[in-house]
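The chain contents come next:
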Amino acid sequence: MNQLKITIRATIVLTILTGLAYPLLVTGLAQALFHRQANGSMVDVNGKTVGSELIGQRFTKPEYFHGRPSAAGNDGYDALASGGSNLGPTNQKLVDRVQTDLKKFRAENPGFTGPIPADLLTSSASGLDPDLSPASAEAQVARVAAARGVPAGSIQALVAQRTQGRQWGLFGEPRVNVLLLNLDLDRSFPVRK
Amino acid sequence: MTANGIFQIALYFLVLLALTKPLGLYMTKVFQGERTWVHRLLRPFEVALYKLCGIDETAEQHWTRYAGGILLFSIATLLVTYLVQRIQQWLPWNPQGLGPASPDLSFNTAMSFTTNTNWQSYVPETTVSYLTQMIGLATHNFFSAAVGLAAGIAVIRGFARHSAKTLGNFWVDMTRSLVYVLLPLSILGALLLVSQGAIQNLHPYAKVATLEGAVQTIPQGPTASQEVIKMLGINGGGFFNANSAHPYENPTPFSNFFQILLIFIIPAGLTYTFGKMVKDTRQGWAIFAAMSILFLAGVFVTYPAEQSGNPILTKVGIENTATATQPGGNMEGKEVRFGIANSALFAVITTDASCGAVNAMHDSFTPLGGLVPLLNIQLGEIIFGGVGSGLYGMLLFAVLSVFIAGLMVGRTPEYLCKKIEQKEVKMAMLSVLVAALSILGFSALGSVSHFPKDGYINPPGATTANLNNNGPHGFSEVLYAYSSGTGNNGSAFAGINANTPFFNTTMGLAMFAGRFLMMIPLLAMAGSLAAKKQIPVSAGTFPTHGSLFVVLLVGVVLIVGALTYFPALSLGPIVEHYLMQDGKLFSLLLNPGVVWG
Amino acid sequence: MPTVTEQQPIAEDVTLLIPKRAMRARPLFDPPIVRRAIGDSFRKLHPRLMAKNPVMFVVEVGAVVTTILCARDLATSAAIAGFTSQITLWLWFTVLFANFAEAMAEGRGKAQADTLRKTKTETTARRIVGGKTETVAATQLRSGDVVLVEQGEIIPGDGDVIEGIASVDESAITGESAPVIRESGGDRSAVTGGTRVLSDWIRVKITSNPGETFLDRMIALVEGAQRQKTPNEIALNIVISGLTLIFLFAVVTLQPFAAYSVASNGSGTVPTVTVLISLLVCLIPTTIGGLLSAIGIAGMDRVMQHNVLAMSGKAVEAAGDVNTLLLDKTGTITLGNRQAVEFIPVGPVEPNELADAAQLSSLADETPEGRSIVVLAKQQFNIRGREVAEHEAHFIPFTAQTRMSGVDLDGRQIRKGATESVAEFVRAHGGKVPAELLEITERISRSGGTPLVVADRSRCLGVVHLKDVVKGGMRERFHQLRTMGIRTVMITGDNPLTAAAIASEAGVDDFLAQATPKDKMDLIKKEQAGGRLVAMTGDGTNDAPALAQADVGLAMNTGTMAAKEAGNMVDLDSNPTKLIEVVAIGKQLLMTRGALTTFSIANDVAKYFAILPAMFAATYPALAHLNIMGLRNPESAVLASVIFNALIIIALVPLALRGVKYRPTSAAALLRRNLLIYGVGGVLVPFPGIWVIDRLLGVLHLA
């Protein structure tokens, strides 16, 4: 019986401790110490929030670099439906999708004839992958340059600037943040309307 | 495989190795009630909790009372979580105004978090409020880890003590787990994750206008605080659906490194604690070595399998070879910032342990790459494993190894100076049996059952209609689900739509069996061992600290695991591997007619 | 008469390998035993008997099911009938082979029991009632009856000799043809029913009732009638039954898994029940399941072949676990009698004068010590034993009061005995005891010997050094025991000084000096409290409590009934050193179990590679990649696996009966060796085995 009493008291006390006190304490500290990160690493342009540098966005226009295929939501990059395609390697749907995307990509990027980087036509795990591999960005340079009417070299320079190496030279893989790169584009080579 | 990939894996292992002893030593002191350097700061807090909960710090418990405490506490907190989900619409911190979760889903989720499984049938962003996340789910991340840690310590005491009736006090062990281990590490870890970009707020979801003019709703919430304990407590239930692949949970490669380190540090440290408590640290290192061998073996099957990619896609025209500017390999379901090496490493670690968090979608792994996580779970998540449960699971195998092979030295088998007799063997076999029955039995049900379409039990009709893939891969989804449930892992071949009353209920039962029908026999074994006399070590004693024992233990784990699940695996990932090489594809076939022989 | 320089080796085989020679050893496959075992294999098919062995019971149930399927296939003349009937046949063989192994193990005991029973039934007794003798059947004797047994007669029941002395042939029980002496009083008074008096006569007080005699118990034991499963056997049974259940789950669920696969693949067939049963039988640990009880029975039998009667299998198993051996010094470690090894004169005395005096004083001394002095004097100084009668010699026997013995002749008063007593004697006759003498006696005592001072009235002549002679080869044995992790403790009534010296000479780990029965008991309890298992030998009545307390108590057959009742083993040869062999047999028994369990489980790996691709050949031809043995076709693959599984049982019967080889080395070395042979070997062997059977089936056009 004693254990039952302890159970009830412990459930209440420990729920308050770990369910309320702990997250609120962490929230307070996080807000104080890392305000920007704690609130989602939002990116503002002219005082307007255009997104989060960590959350990928859907890009379809030729003048923007396109992110990876996304299985989040119906059109992709739906932040309320994060997730991957969950298609297995022997799934007909996977192969069909890659083939379709490949055709589309070749059509949109006639200037690019090299091999297709692995990440470019595979959907990400979160569906919100903010990054591309440098090679995948490179593959789109010609198209973006044409769409913006600037030499490929200047676009290439922007890409190189936005390319992050491995974190501290050690962790992860080299990558390019698509939203930030596209913001750079708009800033440096605005599209003439 | 790239040189950098191998380097990152090696670096990870070395850091883990370096942390094992200090953390193990710290936990030994904590659970033996000795002073540590944080004593002044945390002891008053510990004492206050005893007072508030009415716990007598000095009372010792027989294993039955210890187990009773675990069950009572688990059931009580399970009820709280069930209730919170059902009434979240009336509670605060629900900025999105989410309604109640269905009864079967609430049962599944409550069971899932109570059992340290954190299988998520629900889509967090659209199902649970911030309050539910905090007091219904995040609390369990602490509780189930603390319960596991306490049970692990109790089992260690079973081996360490002799001629003793008791195994310690559950309430004290649990409180110490929280106060000295889980909470302090979580607070520091959460801040580190926030510094990398993980979010921590109570704002409503952010609506932003994208560059192309669309509206994107970005979920917010107290993520980091839950994220850190999700890893440290080896729970794995993500704040977001995409789990640790989500940039708000796991924003950078370093946060990723930190997360996988959090998964393994407690179980790795426990091997040292074990050695220390049985007064022979070599015994702890032997267990650590066996775990490390199995861990690295898994990594070096999965990593090359993923790096060599999908030959079918290669044929279509995707570059499979890694270069300096792109990762190559099988990138379907993986994030660019993690690439192949970190995704493979994460998948192996999360299933070696009973974590279940994912930073890549296992469902899209190559067959061999996916085979390893599946087998890791089926082996019982004993490769470092869950908090506490990993160690006692491995000790179960040690007991079995000693029993089977130990006879070959011509003595009644002994482990750590305790005779392994009927009771120990019975309890060990019971655990193995329950796991096999649950995984195989439920998978059998899940792969051939039919229910009325649009009915209550399973609206899609046939259980196979819940799958996202057909052929062997579809079978892998079912097998993985019940392995994950029984193993209290929580990761998934997530294409399966398991949010139906049939799957929610059967998964709930599998999770219960995998947690408590494993933990309680082990506590019974510990109780029996604690009561035994200690036999002095002699030249005739089976040595359990050397390389021979490590090899034997690894062999028994692999053979017992392989023998039990090899037939099932051969119809899943194994055959799929060969079919993929042959370029065979499967389209989704709904409601296949069952052909009985 | 043995000479002192010659040390008797206790056994030629000092490696502790169980000697091949055994008193009642029969060839492993004795034709009459084999014949009977074949019959028994069928009788044991009864489900009630099979149910005791869960693993083989599962096989039997499987065999019954396939028999029914086979009948159906034959009736419908299905194409598969040939395959089904062959599988059925081999499943039955699997069960029969396991039964055969058990029957063989039992058969050897039964054959011995039959021989023993013959001795029992034909005996009559001459019971003494009120001074008269009457002839009754041996079976009518009750405890307390007194019987007369004369030359050539069989002793009708267990009892104690109360009068007379006789030489007795105990070969019916012990197999040893050399007669033994039985006499009233002391520790050689016990006689066993069924043994034969060779000379003289004895009166025997019967101590057991019909049906409870030693012979009766022996018959029951060798027959295995009272065989109970030992603790380790039960635990092992749990493991293999558990594994059987796991494989049952794996195979039963394979049916729905296959059904899913066929449906989703759109083609193929679900494996038939026959094939599923075949897979199940191949996977469950039939090798150990079939041989487990045979191993246990054979272990008991092996003890028996060493002429040791174990009262339970538990005792044999415990012998393997023993941590501490308590060995009596006398008769076990040393030859049992102190022997003269040196004459040390004092002062001006010449050695041969001392030898002469010592010999004279010992001529009438029939103790082994006395005789050894006579012998030593003859050897070293060529002094022959004289006819003393002509000298009118008067011999003074040893008494506990005087603590010396001697002879008075020709006016001389020669005495030999304990230092103080003889010194007192010398001083009483006005002599002086030289300091040198005390030094010598002290030195001898310290070295573990016994000084015997010799004096002639007032003259101290010198000292005879009596020494306990350690049996040859004991040092090596104790060393081996140490490597096996067994501690030996020598028990002796000697003083600590003497005990220490002998202990160091014999190489034992510890000793208990001036041991009383209570000390012995306390030592056992102390060892047991430390978690150690203790084995000891004993024969006297005062050993009984300790024998009962010890985990393994080996009583000597020459000992008293009380001792035999208290111990859990009786050595019919009454050779205390045999305790060491019993330990080895116990270890061998456990090792055999472990080895076959490991082998059995390791075997499964290959069977998967044979059966799984065969099972799904129609559904997933791609699984042919797993057919690494290159088996010809699915039916042949399944059949070959089942046949291999059955044949391996019969192939391992000799190993089960004989036990795996035991070498006295450390546990680590043993494990490495056995793991390599039975673990790695167990994984590898089935691959070529199944392949060969597969090819043979092809050659014979069977599949």
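Throughout this document, residue positions are counted from 1 along each chain, in the order its sequence is written. Here every chain gets a letter starting at A, and every ligand a number starting at 1, in the order they are written. Selection of residues for local features in this predicted model requires a pLDDT of at least 70, selection of side-chain atom pairs for listing and counting requires 80 or more, and totals for whole chains, interfaces and linings are taken over all residues. Each side-chain value is worked out from all heavy atoms of the structure, with water and hydrogens disregarded.

Describing the overall build of chain B
Starting at the N terminus, helices and strands are each numbered in turn, a helix being any DSSP run of H or I of at least four residues and a strand any DSSP run of E of at least two. Secondary structure summary: chain B contains 18 helices and four strands in total. Looking at chain B residue by residue over its 597 residues, the buried ones come to 72%. A contact between two residues is defined here by any heavy atoms of the two lying within 4.5 Å. Within chain B, residue pairs in contact and separated by at least 24 positions form 77% of the contacts whose partners lie at least 6 positions apart. Here the accessible surface of atoms and residues is derived via Shrake-Rupley with a 1.4 Å probe, and residues count as covered only by protein chains that are part of the display. When the accessible area of chain B is evaluated, it comes to approximately 15,800 Å², of which 67% is carbon and sulfur surface. Exposed residues in this analysis have more than 50% of their type's maximum accessible area, buried residues have under 20%, and partly exposed residues fall in between, with area computed by a 1.4 Å probe over protein chains only.

With respect to the interface of chain B and chain C
At the junction of the two partners, chain B supplies 69 residues and chain C supplies 70 residues. The salt bridge definition used is simple: a Lys or Arg side-chain nitrogen within 4 Å of an Asp or Glu carboxyl oxygen. Where chain B meets chain C, there are one salt bridge. Between N or O atoms, a polar contact is any pair within 3.5 Å; within protein, one atom must be a potential hydrogen donor and the other a potential acceptor, and residues adjacent in sequence are included only when both atoms are from side chains. On inspection of chain B and its partner chain C, the count reaches ten residue pairs in polar contact (both at pLDDT 80 or more). Looking at the side of chain B that touches chain C, the elements that each hand over two or more residues are α14 (389–406), α15 (422–448), α16 (472–486) and α18 (547–581) of chain B. It is α18(B) that contributes the most residues to the side of chain B that touches chain C, 15 residues altogether. Residue polarity is assigned by list, with Asp, Glu, Lys and Arg as charged and Ala, Val, Leu, Ile, Met, Phe, Trp, Tyr, Cys and Pro as nonpolar; anything else, Gly included, falls into the polar class. Looking at the side of chain B that touches chain C residue by residue, the class counts come to 43 nonpolar, 19 polar and seven charged.

Some thoughts on the interface of chain A and chain B
Contacts between the two partners involve 101 residues from chain A and, on the opposite side, 117 residues from chain B. Throughout, buried area stands for the accessible area (probe radius 1.4 Å) lost by two parts on being put together, summed over both. Here chain A packs against chain B, burying approximately 8,800 Å² in sum over the two surfaces, 65% of which is carbon and sulfur. Counting every contact that joins chain A to chain B gives one salt bridge. Across the salt bridge formed by R97(A) and E332(B), the nearest N and O atoms sit 2.6 Å from each other.

Looking at the packing of aromatic side chains
Stacked, edge-to-face and tilted labels apply to pairs of Phe, Tyr and Trp rings (six-membered ring for Trp) whose centres lie within 6.5 Å, assigned for plane angles under 30 degrees, over 60, and everything in between, in that order. On inspection of all chains with the given rule, the structure shows 46 aromatic pairs over all chains. For the pair F159(B) and Y415(B), a centre-to-centre distance of 5.6 Å together with 85 degrees between the ring planes defines the contact as edge-to-face. Taken together, the positions of F159(B) in helix α6 (residues 130–160) and Y415(B) in strand β3 (residues 414–415) put the pair 256 residues apart, joining distant regions of the chain. Where F566(B) meets F609(C), the ring centres are 5.8 Å apart and the plane angle is 50 degrees; that geometry is what we call tilted. Within this pair, whereas F566(B) is found in helix α18, its partner F609(C) is found in helix α20 (residues 578–615), the two belonging to separate chains. F609(C) carries the same exposure label as F566(B), and that label is buried. Sitting over a ring, as applied to charges here, requires NZ of Lys or CZ of Arg to be within 6 Å of the ring centre and within 35 degrees of the ring normal. Directly above the aromatic system of Y64(A) lies the positively charged group of R148(A), at a separation of 5.1 Å from the ring centroid. Geometry around F365(B) places K334(B) over its ring, the cationic atom sitting 4.0 Å from the centre.

A look at the pairing of strand β14 (residues 450–456) of chain C
Residues and elements named next belong to chain C. Among the seven residues in β14, seven count as buried, and that is most of the element. Both faces of β14 are covered, namely the face carrying T450, L452, V454 and D456 and the face carrying P451, V453 and A455. Where strand β13 (residues 412–417) meets β14, four bridges bridge the pair, whose relative direction is antiparallel. Each bridged residue has a counterpart across the sheet, and for K416 the counterpart in β14 is V454. Paired strands, as defined in this entry, are two strands with at least two bridges between them according to DSSP.

Here we look at the domain arrangement of chain A
Partitioning chain A into domains gives domain 1 (1–39) and domain 2 (41–188). Placing a centre on the C-alpha atoms of domain 1 of chain A and another on those of domain 2 of chain A gives a separation of 39 Å. The split of the chain into domains comes from an automatic or database domain assignment.

Here's the deal with the sheet that holds strand β19 (residues 552–556) of chain C
Across a sheet, paired strands are connected by hydrogen bonds in the backbone, their directions being either parallel or antiparallel. Residue and element names in this part refer to chain C. What the seven strands build is an open sheet, ordered β8-β20-β19-β18-β9-β16-β17; its pairing is mixed. Both outer strands of the open sheet, β8 (308–310) and β17 (510–512), are each paired with one neighbouring strand and no more. Direction aside, the axes of adjacent strands within the sheet are offset by 20 degrees on average. With three bridges joining them, strand β9 (residues 324–328) and strand β18 (residues 534–538) adopt parallel strand pairing. Bridging across to β18, L325 finds its partner in A535. Axes here refer to lines fitted to C-alpha atoms; in helices the fit is confined to the stretch in contact. Angles between the N-to-C directions go from 0 to 180 degrees.

Observations concerning unusual backbone geometry
All names here are of chain A. Its identity as a non-glycine residue notwithstanding, S41 has a phi of 50 degrees, on the positive side. As for its placement among the helices and strands, S41 is situated in the loop between α2 (35–38) and β1 (42–45). Positive phi, normally seen in glycine, also occurs at N86, with a value near 55 degrees. Checked against the element boundaries, N86 lands in the loop between β2 (48–52) and α3 (92–108).

Examining the environment of V50(A)
All names here are of chain A. Residue placement: V50 occurs in strand β2. The class for V50 is buried, based on a relative accessible area of 7%. For the pair formed by V50 and L179, sequence separation is 129 residues and the distance between their alpha carbons is 9.3 Å.

A look at the pairing of β1(A)
Strand residues, when the strand is regular, have side chains that alternate between the two faces of the sheet. All names here are of chain A. By the bridge criterion, four bridges tie β1 to β2 in an arrangement that is antiparallel. Across the sheet, residue D44 finds its bridge partner in β2, namely T49. Counting the residues that bridge the hairpin from β1 to β2 gives two residues, and of these N46 lies at a positive phi of roughly 50 degrees.

Quick notes on the sheet that holds strand β5 (residues 175–177) of chain A
Residues and elements named next belong to chain A. If you trace the three strands from one edge of the open sheet to the other, you get β3-β5-β4, paired in antiparallel fashion. Both edges of this open sheet fall to β3 (131–132) and β4 (163–164), since each of them pairs with a single strand only. Relative to β5, β3 is paired through two bridges, and the arrangement is antiparallel. Paired with L132 across the bridge in β5 is V176.

Observations regarding a nonpolar patch on the surface
Residues and elements named next belong to chain C. Nonpolar side chains (Val, Leu, Ile, Met, Phe, Trp, Tyr) within 5 Å and like charges within 9 Å form the patches, drawn only from residues with over 30% relative accessible area and no salt bridge. On the surface, W691, V692, L696, V699, L700 and L702 cluster together into a nonpolar patch covering about 560 Å² of accessible area. Tracing the chain through its elements places L696 in helix α23 (residues 686–699). The exposure class of L696 is partly exposed, given its relative accessible area of 46%.

As for helix α5 (residues 152–162) of chain A
Residue and element names in this part refer to chain A. Those residues of α5 that sit buried are I155, L158 and V159. Looking straight down α5, one finds its buried side chains confined to an arc of 100 degrees; they lie on one side. For α5, exposure combined with an orientation more than 90 degrees from the buried face picks out A160 and Q161. Taken together, the buried residues of α5 touch α4 (134–148), β4 and α6 (178–188). The arc in question is the one spanned by the directions pointing from the helix axis to the C-beta atoms.

Concerning the side chain of R68(A)
Residues and elements named next belong to chain A. Structurally, R68 is set in the loop between β2 and α3. Look at R68 and you get buried, because its relative accessible area is 1%. Only 2.9 Å separates the side chain of R68 from the side chain of D129, close enough to count as a polar contact.

Brief notes about the packing of helix α3 (residues 63–86) of chain B against helix α4 (residues 103–114) of chain B
Residues and elements named next belong to chain B. Remark: α3 packs on α4, axes separated minimally by 9 Å, with the N-to-C direction vectors making an angle of 140 degrees. As summarised for this structure, α3 and α4 are arranged oblique, according to the angle between their axes. Relative to α4, α3 is oriented so that their crossing is right-handed. Where α3 abuts α4, its residues S74, T77, L78, T81, Y82, Q85 and R86 lie against P103, L105, S106, F107, T109, A110, M111 and T114. Of the residues belonging to the contact of α3 with α4, the class tally is seven nonpolar, seven polar and one charged. Oblique is the label for any angle not covered by the other classes, which are roughly parallel (under 35 degrees), roughly antiparallel (over 145) and roughly perpendicular (65 to 115). Left-handed describes a crossing whose near helix is turned anticlockwise from the far helix through less than a right angle; right-handed describes the clockwise counterpart.

Some thoughts on the pattern of salt bridges
For the structure on display, the rule yields 50 salt bridges over all chains. Among the salt bridges present, the one from K518(C) reaches D522(C), with a minimum N-O distance of 2.8 Å. With K518(C) and D522(C) both in helix α17 (residues 517–529), this residue pair falls four residues apart, about one helical turn. Of the residues examined, D522(C) reaches a relative accessible area of 34% and is grouped as partly exposed. Salt bridges sharing partners connect three or more residues here, namely R43(B), E46(B), E57(B) and R176(B).

Observations regarding helix α10 (residues 313–321) of chain C
In terms of residue burial, α10(C) counts as a mostly covered element, since eight of its nine residues are buried. For α10(C), every residue scored as buried is listed here: G313(C), A315(C), V316(C), E317(C), A318(C), A319(C), G320(C) and D321(C).

Remarks on the side chain of S449(B)
Residue and element names in this part refer to chain B. By the secondary structure assignment, S449 is in the loop between α15 and α16. Among the polar contacts listed, one links the side chain of S449 to the backbone oxygen of L445, at a separation of 2.5 Å. Ignoring anything within four residues of it in the chain, the contact list for S449 reads A462, T463 and F502.

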